[in-house]
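Each chain is listed here by its residues.
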Amino acid sequence: MAASLPPDSQRQARTAALIGLAAEQGLPWPRSEFRYQTDAETGLAQYRVAMSLAGRYAALRNYVAEALRRDPALALEAVRLRRDANGELKADLTWVLHMQAAR
């Protein structure tokens, strides 16, 4: 299974593509947090990207669908939607980039 995943060397480009897609979809640059973990036994690595976005529901929905379509080794781990006092939709998304661990 690990051999079918992108190598760790693509992590930065994949992360940039995920964040850049938000701008393509008309969503403001997301506030993001990152966490990397690896499993030496399996040779797999996961890079979690937690981001907060604000925008229209359709733009957020399209962003999620397009991100998953563009990167088959990407998973959406968690979604939290809420409206603020002004009625603006806020989304907290946690993505996981699955990859081969660096050697």
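Presented here is a report on the structure given in the accompanying data block. (Residues numbered from 1 in each chain as written. Predicted model: local features only at pLDDT ≥ 70, side-chain atom pairs only at ≥ 80, totals over all residues. Heavy atoms only, no water.)

Aromatic ring pairs are described here by two measures, namely the spacing of the ring centres and the angle between the planes. Going through the model one piece at a time under the given rule, you end up with 3 aromatic pairs. The rings of Phe34, Tyr36 and Tyr47 are connected pair by pair, giving a single aromatic cluster. The positively charged end of arginine 11 is found above the aromatic ring belonging to tyrosine 36, 4.2 Å away from the centroid. (Phe/Tyr/Trp six-rings, centres within 6.5 Å; stacked < 30°, edge-to-face > 60°. Lys NZ or Arg CZ within 6 Å of the ring centre and 35° of its normal.)

The 4 strands are arranged S1-S2-S4-S3 in an open sheet whose pairing can be described as antiparallel. In this open sheet, the two strands that pair with only one neighbour each are strand S1 (31-39) and strand S3 (74-83). Strand-to-strand, the axes of this sheet are offset by a mean angle of 10°, without reference to chain direction. Inspection of the sheet shows strand S2 (residues 44-54) paired to strand S4 (residues 89-100) by 11 bridges, in the antiparallel sense. The partner of serine 52 across the bridge, within S4, is aspartate 92. Packing against the sheet, helix H1 (residues 11-24) makes contact with S1, S2, S3 and S4, and its axis sits at approximately 160° to S4. Against the sheet, helix H2 (residues 57-70) contacts S2, S3 and S4, and its axis sits at roughly 5° relative to S4. (Pairing = 2+ DSSP bridges. Helix = DSSP H or I, 4+ residues; strand = E, 2+ residues; numbered from the N terminus. Axes fitted to C-alpha atoms, helices over the stretch in contact; angles between N-to-C directions. Contact = heavy atoms within 4.5 Å.)

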